[in-house]
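# Structural overview for review
Take a look at the letters that make up each chain.
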Amino acid sequence: MMSRLVRFGVSMEEELLARFDALIRELGYANRSEALRDLVRERLVQKEWREGEEVVGVIILLYDHRKRELSDELVELQHHHHHLVIATLHVHLDEANCLEILAVRGPGTELQRLAENLRSLKGVKHGQLAATSTGKRLP
Ligand code: NI
């Protein structure tokens, strides 16, 4: 269901607004309203994650599969959290390096902990968590 659009006025320092306009022009926004809506959604998504609501994210891991036991530990950890990991993509980058991309869904706090646990395994060179929303509570 589409929400009704409401117009409202915003007061802002001239200098701050000039910086905002320059920024959103650079980012390619068509107008202030669309840029402002995205800013608001960004903060709402952050709030969903902080408060442990069901959210969606992507964990990316770069690791050397030749490190002893690492591949086993990664699989073990993902199976242990099978309720959080909804899909995985594995790319053999070269002889040594693997890129693994996990789509995850669950309470934000648990997803953050899982990302930390995976990232801290010995042999994982880089790991990152990208956070988004299920979209259910995001107009
Ligand atoms: Ni691989």
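The structure we're discussing is the one just above.
My aim in this report is to walk through the structure given alongside it, one point at a time. (Residues numbered from 1 in each chain as written. Predicted model: local features only at pLDDT ≥ 70, side-chain atom pairs only at ≥ 80, totals over all residues. Heavy atoms only, no water.)

This brings us to the layout of surface pockets. Space inside the largest pocket adds up to approximately 900 Å³. Lining the largest pocket are 20 residues, with Val6, Phe8, Ser33, Leu36 and Arg37 positioned closest to its centre. For the lining of the largest pocket, the element with the highest residue contribution is helix 2 (residues 32-50), accounting for seven residues. Its residues placed into classes, the lining of the largest pocket shows 13 nonpolar, two polar and five charged. (1 Å grid on protein atoms, 1.4 Å probe; cavity = no way out; pocket = protein on both sides within 12 Å on 5 of 7 lines; lining within 4 Å. Points joined across faces, edges and corners; volume = space filled by probe spheres on them. Helix = DSSP H or I, 4+ residues; strand = E, 2+ residues; numbered from the N terminus. Nonpolar A, V, L, I, M, F, W, Y, C, P; charged D, E, K, R; others polar.)

As a further point, take a nonpolar patch on the surface. On the surface, a nonpolar cluster with roughly 410 Å² of combined accessible area is contributed by Phe8, Val10, Met12 and Leu16. For Phe8, the location among the structural elements is in the segment before helix 1 (14-27). The exposure class assigned to Phe8 is exposed, which follows from its relative accessible area of 62%. (Patch = residues over 30% accessible without salt bridge, like charges linked within 9 Å, V, L, I, M, F, W, Y side chains within 5 Å. Areas by Shrake-Rupley, 256 points an atom, 1.4 Å probe, with all protein chains shown as cover. Salt bridge = Lys/Arg side-chain N within 4 Å of Asp/Glu carboxyl O. Buried < 20%, exposed > 50% of the residue type's maximum accessible area, 1.4 Å probe, protein only.)

Attention now goes to the pattern of salt bridges. All chains considered together, the criterion is met by ten salt bridges. The salt bridge involving Arg37 is made with Glu34; its shortest N-O contact spans 2.8 Å. Here Glu34 and Arg37 lie together in helix 2, a separation of three residues that amounts to about one turn. Look at Arg37 and you get partly exposed, because its relative accessible area is 35%. A salt bridge links Glu48 to Arg137; the nearest nitrogen and oxygen atoms lie 3.6 Å apart. Taken as a pair, Glu48 in helix 2 and Arg137 in the segment after strand 4 (124-132) lie far apart in primary sequence, 89 residues in all.

With that settled, consider the coordination of the nickel ion. Taken together, the protein donors to the nickel ion comprise His90 (NE2), His92 (ND1) and Cys98 (SG), at separations of 2.0 to 2.3 Å. All donors to the nickel ion come from one chain, and their sequence spacing reads H-x1-H-x5-C. (Donors = N, O, S within 2.8 Å, 3.2 Å for Na, K, Ca; no water.)

Attention now goes to the packing of helix 3 (residues 70-80) against helix 4 (residues 108-119). Where helix 3 meets helix 4, the axes come as close as 10 Å, and the angle between the chain directions of the two elements is 165°. One element, helix 3, and the other, helix 4, form an angle in the roughly antiparallel class. The way helix 3 lies across helix 4 gives a crossing that is right-handed. Mapping the contact onto sequence places Leu74, Leu77 and Gln78 in helix 3 and Leu114, Asn117 and Leu118 in helix 4. (Axes fitted to C-alpha atoms, helices over the stretch in contact; angles between N-to-C directions. Parallel < 35°, antiparallel > 145°, perpendicular 65-115°, else oblique. Left-handed = near helix turned anticlockwise from the far one by under 90°. Contact = heavy atoms within 4.5 Å.)

With that out of the way, let us pick up unusual backbone geometry. Its identity as a non-glycine residue notwithstanding, Glu69 has a phi of 70°, on the positive side. Mapping Glu69 onto the fold places it in the loop between strand 1 (54-64) and helix 3.

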